[in-house]
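Summary of structural features
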Amino acid sequence: MTVTVRPIAEAEWPAFAALHHEAFNSSHPLEATERWGELIEFDRSLAAFDGDLLVGGTAALSLTMTVPGGPAPVAGVTAVAVLPSHRRRGILSSLMTRQLHDIHERGSETVAALYASETAIYGRFGYGRAADGLFFRVPTRHSAFVPEAPADSALRLRVARPAEALDDLRRVFEAVRPRRPGLYARSEPVWRESVITDEKHDRGGAGPLRCMIAEDGDGPRGYALFRVRAGYTDHDVPDGEVRLVELFAVDPAAYALVWRSVLDRDLCSRVHAWSRPADDPILHLLAEPRHLNAGRLDDLWIRLVDVDRALASRAYAAPADLVIEVVDELCPWNAGRRRLVTAKGSCEPTGDPADLTLPVSALGAAYLGGRPLTPLAAAGLVREHREGALHELSTAMSWEPKPWGGLIF
């Protein structure tokens, strides 16, 4: 089998969409994927062809993502798939390797990020699990807040139609985005096609998208987007479920109020919040935190495409001056030893002995500040050659708040 890998032309979008519809076992109507085409940068797509048959693909989005210290250009890897008929033939490896080399040659991004549909896949390509997300299933009868929960009498709640409130949603989100690593700027198509989309097949059996906004005389300070699956028990007891889509707020009082707006929803017995940050303040607001019924899943995966520039350009929580030896089989320009001096913002090749040896995936896991290196060393994935070097680098790369992408791309 001879496979050719190249970008697709816009006219080939229907075939590209059909590939992903099949590979991801999509239950959405195939025509619904047409709107997704607005998000794709065709010159940054890659497709694998077996003759004239499109059998695999991926794409990269030009994102501006918050990293420790500020915004940075990041390649958002998406749409990674291979048809079942062509698995285990090296096609995925060809696509992912070509993509990393293309990102490096492009030169504008030092980091790639993705969401993993299967977590066993991407460590092979140097990605590290950099952020976690929490999910909650909260019974509303056990959702009381602690007595000292913040409140502001100037705030009020307003019911809004999501599409009509888009300017208010943007204003809140843009105020929050610079604070948390992992959040990325949203284009108009992302807002329209990924956030406030409300086709029947987007609802998962629930009702239409709803919106509550917390505001004062100066404007919006927080919002919640959610759906409600209405229901009753056999004895006609209300048993609806609120499905939280997203919730953002610029201050603690607004945050508490928008959470109460979903927890106190009439005729609903529980709230299901699927993707929340690992340090979500709701963990401390609920008087009975066990009733959050919290679970943890991976969120963003990060891959350093240019180790020297990526490490030199981010901010650090503490000083560090050490030599790291990076193992990177797919991107040979990253392999070898370099000295990182955080006070100077420098990371440069060196011939000095290494203080630490680690795979590039470990640096990706730690890059946004949410994954300490110490447990990776305990797992045997990082080797310390100078005592104290592991703690020095792990402390320097830590960051608050914890990273979180907030919206799958």
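Before reading on, note that the structure itself is shown above.
Please read all numbers here as calculations on a predicted model, not as lab measurements.

Let us look at the overall build of the chain. Regarding its fold elements, the chain presents ten helices and 19 strands. Here the chain has a C-alpha radius of gyration of 23 Å; the compact-globule value for 409 residues is 22 Å, and the two agree. A fraction of 73% describes how many contacts in the chain between residues 6 or more apart in sequence connect residues 24 or more apart. Surface exposure of the chain reaches about 18500 Å², of which carbon and sulfur atoms provide 51%. Where the 46 positive side-chain charges of the chain centre and where its 55 negative ones centre are 2 Å apart.

By the bridge criterion, six bridges tie strand 15 (residues 321-327) to strand 16 (residues 336-341) in an arrangement that is antiparallel. Looking at strand 16, one finds that V323 is bridged to R339. Where strand 15 lies against strand 18 (residues 356-359), four bridges are found, and the strand directions are parallel. Across the sheet, V326 pairs through a bridge with L358, a residue of strand 18.

The next subject is the layout of surface pockets. As a volume, the second largest pocket reaches approximately 550 Å³. V82, R87, L92, E118 and I121 are, among the 20 residues lining the second largest pocket, the residues nearest its centre. For the lining of the second largest pocket, the elements supplying multiple residues, two or more each, are strand 4 (70-82) and helix 2 (91-106). Residue composition of the lining of the second largest pocket, by class: eleven nonpolar, four polar and five charged.

Glancing now at the packing of aromatic side chains. Considering all chains together, one arrives at eleven aromatic pairs under this definition. Centre to centre, the rings of W13 and F42 are 6.2 Å apart; their planes meet at 85 degrees, and the pair counts as edge-to-face. One end of the pair, W13, is in helix 1 (residues 13-23); the other, F42, is in the loop between helix 1 and strand 2 (45-50), and 29 residues separate them in sequence. The pair formed by W13 and F42 is uniform in burial state, with each residue classed as buried. An angle of 50 degrees between the planes, with centres 6.1 Å apart, marks the rings of Y223 and F248 as tilted. Taken as a pair, Y223 in strand 10 (residues 219-229) and F248 in strand 11 (residues 240-249) lie far apart in primary sequence, 25 residues in all. Look at F248 and you get buried, because its relative accessible area is 4%. Among the aromatic side chains, those forming a connected cluster through ring pairs are F173, W191, Y223, F248 and W404. Sitting over the ring of F173, R186 keeps its end group 4.0 Å from the ring centre. Its guanidinium or amino end placed over the ring of W191, R186 lies 4.7 Å from that ring's centre, counting from NZ or CZ.

Residue P401 is bonded to the preceding E400 through a cis peptide linkage, with omega at 0 degrees. Within the secondary structure, P401 is located in the segment after helix 10 (389-397). Look at N25: it is not a glycine, yet its phi comes out positive at around 50 degrees. Assignment of secondary structure puts N25 in the loop between helix 1 and strand 2. Judged by its relative accessible area of 66%, N25 is exposed. Phi angles above zero are rare outside glycine, and R88 is one such case at about 60 degrees.

Time to look at the sheet that holds strand 18. With mixed pairing, five strands are arranged side by side in an open sheet as 17-16-15-18-19. Each edge of the open sheet carries a strand with a single partner, namely strand 17 (346-349) and strand 19 (383-384). Where helix 8 (residues 360-367) meets the sheet, its contacts fall on strand 15 and strand 18, and the angle it forms with strand 18 comes to roughly 85 degrees. Along the sheet, helix 10 contacts strand 15, strand 16, strand 18 and strand 19; its crossing angle with strand 15, the most-contacted strand, is approximately 90 degrees.

A few words now on the sheet that holds strand 3 (residues 53-67). Taken in spatial order, the seven strands line up as 1-2-3-4-5-14-6 in an open sheet, and their pairing is mixed. Since the sheet does not close on itself, it has two edges, and those belong to strand 1 (3-6) and strand 6 (128-129), each with one partner. The pairing of strand 1 with strand 2 spans four bridges and is antiparallel. Looking at the pairing, T4 lines up with F49 of strand 2. On top of the sheet, helix 2 reaches strand 1, strand 2, strand 3, strand 4, strand 5 (111-114) and strand 14 (301-304); it is set at about 40 degrees to strand 3, its chief contact. The strands touched by helix 8 are strand 3, strand 5, strand 6 and strand 14; relative to strand 14, the strand with the most contacts, the crossing angle is about 125 degrees.

What follows deals with the pairing of strand 3. By the criterion of burial, strand 3 is predominantly enclosed, with twelve of the 15 residues buried. Bridge analysis of strand 2 against strand 3 gives six bridges, and the strand direction is antiparallel. Its bridge partner lying in strand 3, A48 is registered against G56. A loop of two residues connects strand 2 with strand 3, the two strands running antiparallel in sequence, and G51 in this loop sits at a positive phi of about 65 degrees. For strand 3 and strand 4, the ladder comprises eleven bridges, and the chain directions are antiparallel. By the bridge assignment, L61 is partnered in strand 4 with G76. What sits between strand 3 and strand 4 in their antiparallel hairpin is a turn of two residues, with G69 showing a positive phi close to 105 degrees.

Procedures and definitions
- Residues numbered from 1 in each chain as written.
- Predicted model: local features only at pLDDT ≥ 70, side-chain atom pairs only at ≥ 80, totals over all residues.
- Heavy atoms only, no water.
- Helix = DSSP H or I, 4+ residues; strand = E, 2+ residues; numbered from the N terminus.
- Rg over C-alpha atoms; globule rule 2.2 N^0.38 Å.
- Contact = heavy atoms within 4.5 Å.
- Areas by Shrake-Rupley, 256 points an atom, 1.4 Å probe, with all protein chains shown as cover.
- Lys, Arg positive; Asp, Glu negative; His and termini not counted.
- Charge placed at Lys NZ, Arg CZ, Asp CG, Glu CD.
- Pairing = 2+ DSSP bridges.
- 1 Å grid on protein atoms, 1.4 Å probe; cavity = no way out; pocket = protein on both sides within 12 Å on 5 of 7 lines; lining within 4 Å.
- Points joined across faces, edges and corners; volume = space filled by probe spheres on them.
- Nonpolar A, V, L, I, M, F, W, Y, C, P; charged D, E, K, R; others polar.
- Phe/Tyr/Trp six-rings, centres within 6.5 Å; stacked < 30°, edge-to-face > 60°.
- Buried < 20%, exposed > 50% of the residue type's maximum accessible area, 1.4 Å probe, protein only.
- Lys NZ or Arg CZ within 6 Å of the ring centre and 35° of its normal.
- Axes fitted to C-alpha atoms, helices over the stretch in contact; angles between N-to-C directions.

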